[in-house]
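Reading the structure
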Amino acid sequence: MMKQKELKGDHEVNTTTTQPNETVMQKESAYVVNNLNLWYGDDQALIDVNLDIKKNEVTAIIGPSGCGKSTFIKTLNRMVELVPSVRTNGEILYHGRNIFDRDYKVEDLRTSVGMVFQQPNPFPKSVYDNVAYGPRTHGIKNKKVLDEIVERSLRGAAIWDEVKDRLNENAYGLSGGQQQRLCIARTLAIEPDVILMDEPTSALDPISTLKVEELVQELKEQYSIIIVTHNMQQAARVSDKTAFFLNGEVVEFDATDKIFSNPTDKRTEDYISGRFG
Amino acid sequence: MNQPNKGLSIREMIEANKKKKYSTTNVFDKVMPFLLFLSAFVSVVTTVGIAFTLGFELFKFFERVPVAEFLGSTEWYPLSADQRFGVWALVMGTLQITVIAMIVAVPLGLASAIYLSEYASERARTILKPILEVLAGVPTIVFGFFALSFVTPILQALIPGLQIYNALSPGIVVGIMIIPMIASISEDSMSAVPKKIRDGALGLGATRLEVAIKVVMPAALSGIIASIVLGMSRAIGETMIVTIAGGSQPNFEFNPLNAIQTMTAYIVQIAKGDAGYGTIEYYSIYAVGALLFIFTLVMNLFANWVTRRFREEY
Amino acid sequence: MALPNSEFKNTKNLMDRASVSQRIKRRLQLNEIFKYVFLAGLVFALLVLSTLIYDVVSKGGGWVNLDFIRNFPSRRPEQAGLYPALIGSLWLMMLIVPMVFIVGVGAAIYLEEYAPKNRITSFIEVNISNLAGVPSIVFGLLGLTIFVRIMELGNSIMAGALTLGLMSLPIVIVASQEALRSVKMELRHASLALGASKWQTTFNVVLPSAIPGIITGIILAVSRAIGETAPLIMVGAATFISTTPSNVFSDFTALPIQIYNWTSRPQAEFQNLAAAGIIVLMTMLIIMNSAAIYIRNKYTNRH
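Residues numbered from 1 in each chain as written. Chains lettered and ligands numbered in written order. Predicted model: local features only at pLDDT ≥ 70, side-chain atom pairs only at ≥ 80, totals over all residues. Heavy atoms only, no water.

Our focus in this paragraph is the overall build of chain A. Each helix and strand counted, chain A has ten helices and ten strands in total. Relative to the 2.2 N^0.38 estimate, which gives 19 Å for 277 residues, the radius of gyration of chain A is 19 Å and therefore close to what a compact globule would have. Split into buried and exposed, the 277 residues of chain A put 53% on the buried side. In chain A, 66% of the contacts between residues at least 6 apart in sequence involve partners at least 24 apart. Accessible surface for chain A amounts to roughly 12,700 Å². Of this, 47% is attributable to carbon and sulfur atoms. Mean positive and mean negative side-chain charge positions of chain A (33 and 41 charges, respectively) differ by 4 Å. (Helix = DSSP H or I, 4+ residues; strand = E, 2+ residues; numbered from the N terminus. Rg over C-alpha atoms; globule rule 2.2 N^0.38 Å. Buried < 20%, exposed > 50% of the residue type's maximum accessible area, 1.4 Å probe, protein only. Contact = heavy atoms within 4.5 Å. Areas by Shrake-Rupley, 256 points an atom, 1.4 Å probe, with all protein chains shown as cover. Lys, Arg positive; Asp, Glu negative; His and termini not counted. Charge placed at Lys NZ, Arg CZ, Asp CG, Glu CD.)

Quick look at the structure:
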């Protein structure tokens, strides 16, 4: 891999040393997944997954339930390792570094890769403390700074106006949709590069779902977003690229327009036209 | 998107903190699991401590008193000039208490359990269950006082020839003390029998009584057995009730009307007295304690085994 | 197709309506009778409990007053009090609570959050459940040898508290484990996904959610320990002392010991004193248990 030396010194652009080849029109990669295999005990859940996920795009992962899409997204921040019997091989390069490297601290990875879960899971604390949890955990104690982070994150998650007068109330008092946006705000509070969303709207009503989808569109400006969804319309609405998973394999990975209008693989076509799943 | 202050980069602050604060967070994450493990290990150390204590002093006891006398004789006169250490006299006291206690506790405990799990409405349960919880929380010294000052006089009025100190009164009160234990463990395992099994039998026209006796109790048998065994183990180890109301006359005869001495009451008697460190009496309490420990341990292990081995899979 | 057995051809013969309804009646009667037989078990427990309370209050109620709380034990019953015993019990409580909190909750956190599923872990768990069934007097023997003699703590508050603390530990561990287990996995995941370390997650998210259950367990365990007599007799709690303890290495007495002492005297007045002591002890325990129930209800209603 060649380094683009001429960039250095011009501006203080990006100092990451393992920046990939900057071919014209080619965006930077957030994740490069090479030959990823994963087993739960003896059951193989991911088979030879290869994906190149770009920065500042929304990548949707679709597929029937049990296809490994949820497993895959949890592998990207190594949350999958909380299941005791998990084994993996292959590599996932994040900013050019294999996240499975022995000296890669999983806390560092998860600090720059945020995650939003299927069920809203706020802490049983106040709205403020929920958002401040991440920064506090990482050593930011200054009250003024925290106040600003909380406001900025809640605004970023488009929920500030709804909760600004009840920051000290318990988050369990919010509606499901508000709770989910609070969870997004909580993730934004540590300014991650990537946000992983594991079926973030599956527990929400249509209006809340719409709000979250709009939010995803806004967040794309600053963050790379990977979203697992069982809802194909949602994938079509929000994403730039779509990967179709089936039985643990990537069947097809392409621009969302292409996948939904003119898929290459017969199985993709069958799935999006609703023949199974 | 609204960004009040573009200059503040959380990410940079976090990275800076990471470098600065690495050490403390890191130390906690390295050290705490070990400290927590040590806490958990305290229980193992305690068991080893008990085994060591009992074993060590037991050994000293057997240097002075032959094993054959301890386990082969029925005479226990530790404080007379001609000392005898035949532990069966004490075991007989403990056995009487246990038998009487189980005669009281098993029917009443199981009846309570059946009522709570099969008949009581949710409302009745919330009123009735606390009675058992309060009964379970009464200190044994209080039960001891109750046995001596209330139960014994009543029994003496009913049964001529009953001594002030006897096995019957403390036996009954130990039984009362155990009722909550048998009731709650049995009830747990009976409530765990799924509703659909009950409904099946009720649907065929069985009465609640028939469901309870023929369906629920067999299905919950392992829990019921465990509750009874654990109750027995509690009766064997119970100390204050029998010390206060049972007397201090070790006798190898099964007569609940007479004064007795249980293994536990003997230990208290010596510990309370002036038996100096190094005397045979002093070591004898460890010998008795070791036997007590073995009895209860075997019963607890058995109860554990029963619940594990016969855990109902619904 | 004809049934193979000709007896069953006529279904009317299969069931004799009259005798069946007769039997149903009997079965229902039996059911009704036994309902009350089973209820009698609980009624008996209630009866015993009220008799016990009545017995104690009628014997000791008149003896509980300020002097009884403030005075030292005495040979003259009308002057006797349980002040040093009350203070001794409070000392014990103050020592036992932090002990079982640190060690008990630590052990529970290890077993629930950290322990790998292996033989050592299951050995520790079996160990704890067996310790819960060891008679208290055996803990007393342990305390006598290890704390009183080997560690040379003598017949001190410390020796008593360590003995009772070890005895209470299994209850605290099991209650804390249950409290930790009831904390939803999703909360742990939320914290870990924000880059928090295992310990940060445990300390800042899991523990605060579990703390009401843990406190309830500790109160119940300590209230049981405070009512224990036999282990304290073993470690040599004094039956008659003329001073209150000045530090953790002082000799001491405690409420159950004082009650036992009065119980074992023949004169009726001392029986009354024992009953009065029981009223004080039970009042203490009822206050502690009410606090535990209050905490339990307050925090279980919220979710």
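Read on for the rest.
Another aspect to go through is the nonpolar core. A:Leu154 and C:Leu92 are the most contacted members of the largest nonpolar core, which totals 243 residues. Setting aside residues up to four positions removed in sequence, C:Leu92 forms contacts with C:Ile157, C:Gly160, C:Ala161, C:Leu164, C:Ile226, C:Leu232, C:Phe252 and C:Ala254. Counting residues in each nonpolar core, the second largest holds 34 residues, with A:Ala30, A:Ile92, A:Ile99 and A:Val194 among its members. (Core = buried A, V, L, I, M, F, W, Y, C linked by side-chain atoms within 4.5 Å.)

A word on a nonpolar patch on the surface. Residues and elements named next belong to chain B. A cluster of nonpolar side chains, contributed by Val 27, Val 31, Phe 34, Leu 35 and Leu 38, occupies part of the molecular surface with about 430 Å² of accessible area. As for its position among the elements, Leu 35 is in helix α1 (residues 10–64). By relative accessible area, Leu 35 is classed as partly exposed at 39%. (Patch = residues over 30% accessible without salt bridge, like charges linked within 9 Å, V, L, I, M, F, W, Y side chains within 5 Å. Salt bridge = Lys/Arg side-chain N within 4 Å of Asp/Glu carboxyl O.)

Moving on to the interface of chain C and chain B. Counting residues at the interface gives 73 residues for chain C and 77 residues for chain B. Roughly 6,500 Å² is buried in total at the junction of chain C and chain B, and carbon and sulfur atoms are behind 77% of that figure. Applying the counting rule to chain C against chain B returns one salt bridge. One salt bridge connects B:Glu210 with C:Arg27, and the closest N-O pair in it is separated by 2.6 Å. Counting across the chain C and chain B interface gives 15 residue pairs in polar contact (both at pLDDT 80 or more). Tallying contributions element by element places helix α1 (residues 17–60) of chain C first for the side of chain C that touches chain B, with 21 residues. Of the residues contributing to the side of chain C that touches chain B, the split by class is 51 nonpolar, 15 polar and seven charged. (Buried area = accessible area lost by both parts, 1.4 Å probe. Polar contact = N/O pair within 3.5 Å; in protein donor to acceptor, adjacent residues only side chain to side chain. Nonpolar A, V, L, I, M, F, W, Y, C, P; charged D, E, K, R; others polar.)

We now examine unusual backbone geometry. Residues and elements named next belong to chain A. Non-glycine residue Asn 56 carries a positive phi angle of around 50°. Secondary-structure assignment places Asn 56 in the loop between β2 (43–54) and β3 (58–62). The backbone phi angle of Ala 158 is positive, close to 55°, even though this residue is not glycine. Judged by relative accessible area, which is 39%, Ala 158 ranks as partly exposed.

Moving on, we get to the sheet that holds strand β5 (residues 97–98) of chain A. All names here are of chain A. Judged by pairing direction, the sheet is antiparallel, and its four strands sit side by side in the order β2-β1-β4-β5 without closing on themselves. On the outer flanks of this sheet lie β2 and β5, each paired with one strand and no other. Relative to strand β4 (residues 86–94), strand β1 (residues 29–40) runs antiparallel, the two being bridged by eight bridges. Residue Trp 39 lies in a different strand from β4, and its bridge partner there is Arg 87. (Pairing = 2+ DSSP bridges.)

All names here are of chain B. With 17 residues, helix α9 (residues 221–237) extends 24 Å from end C-alpha to end C-alpha; this agrees with the ideal 24 Å at 1.5 Å per step. Buried within α9 are the following residues: Ser 222, Gly 223, Ile 224, Ala 226, Ser 227, Val 229, Gly 231, Ser 233, Ala 235, Ile 236 and Gly 237. Contacts from the buried residues of α9 go to α3 (88–119), α6 (168–191), α8 (208–219), α11 (263–272) and α12 (280–309). (Expected span 1.5 Å × (residues − 1).)

Moving on to the pattern of salt bridges. For the structure shown, the criterion picks out 33 salt bridges over all chains. A salt bridge links A:Lys241 to A:Glu57; its shortest N-O distance comes to 3.1 Å. Of this pair, A:Lys241 sits in strand β9 (residues 241–246) while A:Glu57 sits in the loop between β2 and β3, and the two are 184 residues apart along the sequence. A:Arg78 is paired through a salt bridge with A:Glu81; the nearest N and O atoms lie 2.7 Å apart. Salt bridges sharing common partners tie together B:Glu122, B:Arg125, B:Lys129 and B:Glu187.

All right, on to the UniProt feature "transmembrane region" (unreviewed entry) in chain C then. Residue and element names in this part refer to chain C. The positions UniProt marks with the feature "transmembrane region" (unreviewed entry) are residues 33–54, 82–111, 131–151, 157–180, 201–222 and 273–295. Taken end to end, residues 82–111 comprises 97% helix and 0% strand; its first and last C-alpha atoms sit 41 Å apart. With 100% helix and 0% strand, residues 273–295 has its two end C-alpha atoms placed 33 Å apart. (UniProt positions renumbered as here; feature names shortened; annotations may be inferred.)

Okay, empty space enclosed by the protein next. The full count for this structure, using the stated rule, is one cavity of 30 Å³ or more. Space inside the largest cavity adds up to approximately 40 Å³. What lines the largest cavity is B:Ser43, B:Thr46, C:Ile128, C:Leu131, C:Leu166, C:Leu169, C:Pro170 and C:Ile173. Looking at the lining of the largest cavity, the elements that each hand over two or more residues are α1 of chain B together with α4 (119–131) and α6 (157–181) of chain C. Ranked by residues supplied to the lining of the largest cavity, first place goes to α6(C) with four residues. When the residues that make up the lining of the largest cavity are grouped by side-chain class, the tally is six nonpolar, two polar and no charged. (1 Å grid on protein atoms, 1.4 Å probe; cavity = no way out; pocket = protein on both sides within 12 Å on 5 of 7 lines; lining within 4 Å. Points joined across faces, edges and corners; volume = space filled by probe spheres on them.)

The subject of this paragraph is the side chain of C:Ser168. Residue and element names in this part refer to chain C. Checked against the element boundaries, Ser 168 lands in helix α6. At a separation of 2.7 Å, a polar atom in the side chain of Ser 168 contacts the main-chain carbonyl oxygen of Leu 164. In this view, Ser 168 contacts Ile 96, Val 100, Ala 221 and Ala 225; residues no more than four positions away in its chain are not counted.

Turning our attention to the pairing of β3(A). Residue and element names in this part refer to chain A. Among the five residues of β3, five are classified as buried, and the element is accordingly described as predominantly covered. Covered by surrounding structure in β3 are Val 58, Ala 60 and Ile 62 together with Thr 59 and Ile 61, the residues of both alternating faces. Here β3 runs beside β9; their pairing, made up of four bridges, is parallel. Within β9, the position partnered with Ala 60 by the bridge is Thr 242.

Further remarks concern the interface of chain C and chain A. Contact with chain C, which involves 20 residues of that partner, is made by 24 residues of chain A. Interface area for chain C against chain A, summed over the two sides, is near 1,600 Å², with a carbon-plus-sulfur share of 65%. Taken together, chain C and chain A are joined by five residue pairs in polar contact (both at pLDDT 80 or more). Mapped by element, the contributors of at least two residues to the side of chain C that touches chain A are α7 (185–193) and α8 (198–226) of chain C.

Here we take up the confidence of the model for chain A. Detailed reading of the predicted coordinates is not advisable wherever pLDDT falls low. Predicted confidence across chain A gives a mean pLDDT of 87, with 90% of residues reaching 70 or more. Every residue in residues 1–24 of chain A scores below 50 in pLDDT, and together they form 15 contacts with partners more than four places removed in sequence or on other chains. (pLDDT = per-residue confidence, 0-100.)

Now for the packing of helix α5 (residues 140–158) of chain B against α1(C). Each packed pair of helices is defined by two parameters, the angle between the axes and the distance between the axes. Here α5(B) crosses α1(C) at 80°, and the two axes come no closer than 11 Å. As judged from the angle between their axes, α5(B) and α1(C) are roughly perpendicular. Along its contact with α5(B), which presents B:Val142, B:Phe143, B:Phe145, B:Phe146, B:Ser149 and B:Phe150, the element α1(C) presents C:Val48, C:Thr51, C:Leu52, C:Asp55, C:Val56 and C:Lys59. Per-class residue counts for the contact of α5(B) with α1(C) are eight nonpolar, two polar and two charged. (Axes fitted to C-alpha atoms, helices over the stretch in contact; angles between N-to-C directions. Parallel < 35°, antiparallel > 145°, perpendicular 65-115°, else oblique.)

For the rest of this paragraph, the subject is the packing of aromatic side chains. A full pass over the atoms with the stated rule returns 26 aromatic pairs over all chains. Between A:Phe123 and A:Tyr133, the aromatic rings sit 4.6 Å apart at their centres with planes inclined by 50°, giving tilted as the arrangement. Residue A:Phe123 is located in the loop between β6 (113–116) and α3 (127–137), and its partner A:Tyr133 is located in helix α3; the two are separated by ten residues in the primary sequence. No difference in accessibility class separates A:Phe123 from A:Tyr133, as the two residues are buried. Considering the side-chain rings of B:Phe61 and B:Phe85, the 5.5 Å spacing of their centres and the 85° angle between planes classify their relative orientation as edge-to-face. A residue pair is termed long-range when its members are at least 10 positions apart, and B:Phe61 in helix α1 and B:Phe85 in strand β2 (residues 84–85) qualify at 24 residues. The exposure class of B:Phe61 is buried, given its relative accessible area of 0%. (Phe/Tyr/Trp six-rings, centres within 6.5 Å; stacked < 30°, edge-to-face > 60°.)

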